[in-house]
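Spelled out, the chains give:
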Amino acid sequence: MPLLRVFGGAASAALLLGASSVFAQEVDEDYEFYPLPPGEGVEEVYYNCIACHSLRTVTNGAYSREVWDELLDWMVESQGMWELDPDTRETVLTYLAEHIGPDTR
């Protein structure tokens, strides 16, 4: 049984790394907001997310808009993130859903 757990963990890690490296190849490393893909709202995402964690935490997400929304609530309630004003929050959620959502891989 431990071998299956090790293999399962290794397989999951390989899939995650593979997805990340494919995603990273789509964005030039010299791009100002690397590793985020270009798009409307990238600046808001960049500056609000990089203040607390790596952008790889964001680009490895691939969540639905609903999950991103829940994550923002969780970060505000449990992690000390500031509350985004409604317009900024909408911009961030739209960007994340369109550029780092489940259909973007």
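Placed above this text is the structure.
Remember, predicted model here, so these are calculated numbers, not experimental data. (Residues numbered from 1 in each chain as written. Predicted model: local features only at pLDDT ≥ 70, side-chain atom pairs only at ≥ 80, totals over all residues. Heavy atoms only, no water.)

Asks: Lay out the overall build of the chain with the relevant residues and their values.
Replies: Tallying secondary structure elements over the chain gives five helices and zero strands in all. Ordered by position in the sequence, the α and β elements of the chain form the string α-α-α-α-α. The buried share of the chain, reckoned over its 105 residues, is 30%. Taking all contacts inside the chain whose residues are at least 6 apart in sequence as the whole, residues at least 24 apart take part in 50%. Per element, the accessible surface of the chain, about 6,800 Å² overall, is 57% carbon and sulfur. (Helix = DSSP H or I, 4+ residues; strand = E, 2+ residues; numbered from the N terminus. Buried < 20%, exposed > 50% of the residue type's maximum accessible area, 1.4 Å probe, protein only. Contact = heavy atoms within 4.5 Å. Areas by Shrake-Rupley, 256 points an atom, 1.4 Å probe, with all protein chains shown as cover.)

Asks: Could you give an account of the packing of aromatic side chains, with specific residues and numbers?
Replies: All told, the structure shown has five aromatic pairs when counted by the stated rule. Ring centres of Phe33 and Tyr47 lie 6.1 Å apart, and the angle between their planes is 85 degrees; this geometry places the pair in the edge-to-face category. Separated by 14 residues along the polypeptide, Phe33 in the loop between helix H1 (2-25) and helix H2 (42-50) and Tyr47 in helix H2 bring together distant segments of the chain. Judged by its relative accessible area of 48%, Tyr47 is partly exposed. Summarising the aromatic geometry, the rings of Tyr46 and Tyr47 are spaced 4.9 Å apart at their centres and angled 85 degrees between planes, so their arrangement reads as edge-to-face. Grouping aromatic residues by their ring pairs yields a cluster made of Tyr31, Phe33, Tyr46 and Tyr47. (Phe/Tyr/Trp six-rings, centres within 6.5 Å; stacked < 30°, edge-to-face > 60°.)

Purely geometric stuff here, so don't read any function into it on its own.
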